[in-house]
Each structure stands twice: as structure tokens, then as C-alpha cells.
Amino acid sequence: AVPGVSDAAWRATLQRALDLEPAHLSVYGLTAEEGTLLHADAAGGRIALPTDDDQLARLDAAETLLTAAGFERYEISNYARPGFACRHHLACWRGADYLGLGPAAASHAGLQRWTNRPDLDAWLAALDAGQTPPRETETLTPARERLDRMVFGLRMAEGIADALAADRRAELEALEADGLVRHRAGRWTLTPRGRALADYVAVALL
């Protein structure tokens, strides 16, 4: 979704990446975050961001090219050759504990989640003083932790088991009727349309 990049340039970029023979590739859409120059320029009409349809077409092109080259789309934004899925990514999406170090880093342990503030000076000052760097902390309920595991788990190609989805069965069946998720062999997974509308699916479940 970089402004000004043509379809041909995008395909050439993907091919150049493949020429490097990586075992793993991440393909994320660019987000114009509020407070950035990109967001201000787009809001002021100085640059034109690609439309949602343009972005979906680019993501579809990536899936076609990468899967043809032997990559598996094991998560919405991540591709890997067999056996090379990122273990850290998988741990996060499956609800495991993880530790993030540095400004703006996120961590999760049990029912605790915290994110360090994105302030390098405050981070360094706290360390020099022998203190915990400033951070935002959240204590999850068991129900919310389970729901988060379900929503993140749906991002993966493996989907989620019936046992994890039990609390949202009615919502999932409604999404299935809309063609956004499917239920097979005791597991719920996103359809190709559901992957394109994953944020909508998440909101519907939350």
C-alpha cells in the first residue's frame, strides 16, 4: 500500500524477494497511522493512498506468486517454506507467554499484558535509576484471554478447535453464513474472503 507503487513494481518486488531464496516472508499492508507525516499528507490530499480494493489485489498477487513458489500462507500476513513458520509468531497467536524488550515492546505472561511506552529517553532514565521503565499494563479476565486466543488463532491457517470456540459458536455460525469462516473436522478457519475481512471478523467476535 505504498503510494505511487504500480502493480508491476509490486510484482517485481515480490520476485526480487524470492530471488534471495528466503525461508520466510511477511507481507503487511502499510497503515497510515495518525500523527505521522504520511497520515497528514493523505488527509491533506497531497498524496493518494491505494484503495482497499487495490490493497486486496496486491495481497492476492502476493499469495498467488508466493504459494506457486512453494511457500505456505500459515497466517494472514506471513508465508514460510514447509518447516520454517516463525516460532515466535506462532507462540503469540496461540496465546503463549512472550517478553518484549525496549521502548514500545509488548509482553504477555499469564493474564498480564503490558506495553512499554514509546519513549527512549524515559526508558533509559528508568534503567539508569534501577527502575522498571514506564509501561501500560492490563490484567485480563480468563474469559478475555480465551477470546483473544480465539481471535488471534483464527488468523492462522490451522484455525481454532471447537473447544476454544465454544463461547462464540453463534457468532461463528453467523459469520459462516456470510461466507467469512468455515467449519470442518472440528476446526474453524477463515475463508479467503474472511482473510480479506479479518478485522471485521475480529470485531464481530469481540
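Residues numbered from 1 in each chain as written. Predicted model: local features only at pLDDT ≥ 70, side-chain atom pairs only at ≥ 80, totals over all residues. Heavy atoms only, no water.

Would you mind going over the side chain of S77 with me for this structure?
Its location among the elements puts S77 in the loop between β2 (72-75) and β3 (78-80). Apart from residues no more than four positions distant in its own chain, S77 is found in contact with L25, S26, V27, Y28 and R155. (Helix = DSSP H or I, 4+ residues; strand = E, 2+ residues; numbered from the N terminus. Contact = heavy atoms within 4.5 Å.)

Looking at this model, I keep getting lost on the pairing of strand β4 (residues 106-109). Mind explaining?
Consecutive side chains of a regular strand alternate in pointing toward one face of the sheet and then the other. The pairing of β4 with strand β5 (residues 112-116) spans 4 bridges and is classified as antiparallel. Residue pairing for β5: A106 is matched across the bridge by T115. Between β4 and β5, which follow one another and run antiparallel, lie 2 residues, and G110 among them has a positive phi close to 60°. (Pairing = 2+ DSSP bridges.)

Would you mind going over the sheet that holds strand β6 (residues 135-139) with me for this structure?
The strands that make up a sheet pair up through hydrogen bonds in the backbone, lying either parallel or antiparallel. Taken together, the 3 strands give an open sheet; going across it, the order is β4-β5-β6, and neighbouring strands pair in antiparallel fashion. Looking at the sheet topology across the chains shown, the edges are occupied by β4 and β6. When strand polarity is set aside, the average angle formed by the axes of neighbouring strands in this sheet is 15°. (Axes fitted to C-alpha atoms, helices over the stretch in contact; angles between N-to-C directions.)

I would appreciate a short explanation of the packing of helix α1 (residues 7-19) against helix α3 (residues 52-68) in the present structure.
Packed helix pairs are specified by the crossing angle of their axes together with the interaxial distance, meaning the distance between the axes. As a packed pair, α1 and α3 sit with axes 10 Å apart at the nearest point and diverge in direction by 35°. The hand of the α1/α3 crossing is right-handed. Packed against α1, whose contacting residues are D7, W10, R11, L14, Q15 and L18, the element α3 presents R58, A61, A62, L65 and L66 at the interface. (Left-handed = near helix turned anticlockwise from the far one by under 90°.)

What exactly am I supposed to notice about the packing of helix α6 (residues 142-154) against helix α10 (residues 198-205) here?
At a minimum axis distance of 10 Å, the contact between α6 and α10 shows a crossing angle of 160°. Of the possible angle classes, the one that applies to α6 and α10 is roughly antiparallel. The two elements α6 and α10 cross, and the hand of that crossing is right-handed. Contact with α6, carried on its side by L147, M150, V151 and L154, involves V201, A202 and L205 of α10 and no other residues of that element. For the contact of α6 with α10, the class distribution of residues is 7 nonpolar, no polar and no charged. (Parallel < 35°, antiparallel > 145°, perpendicular 65-115°, else oblique. Nonpolar A, V, L, I, M, F, W, Y, C, P; charged D, E, K, R; others polar.)

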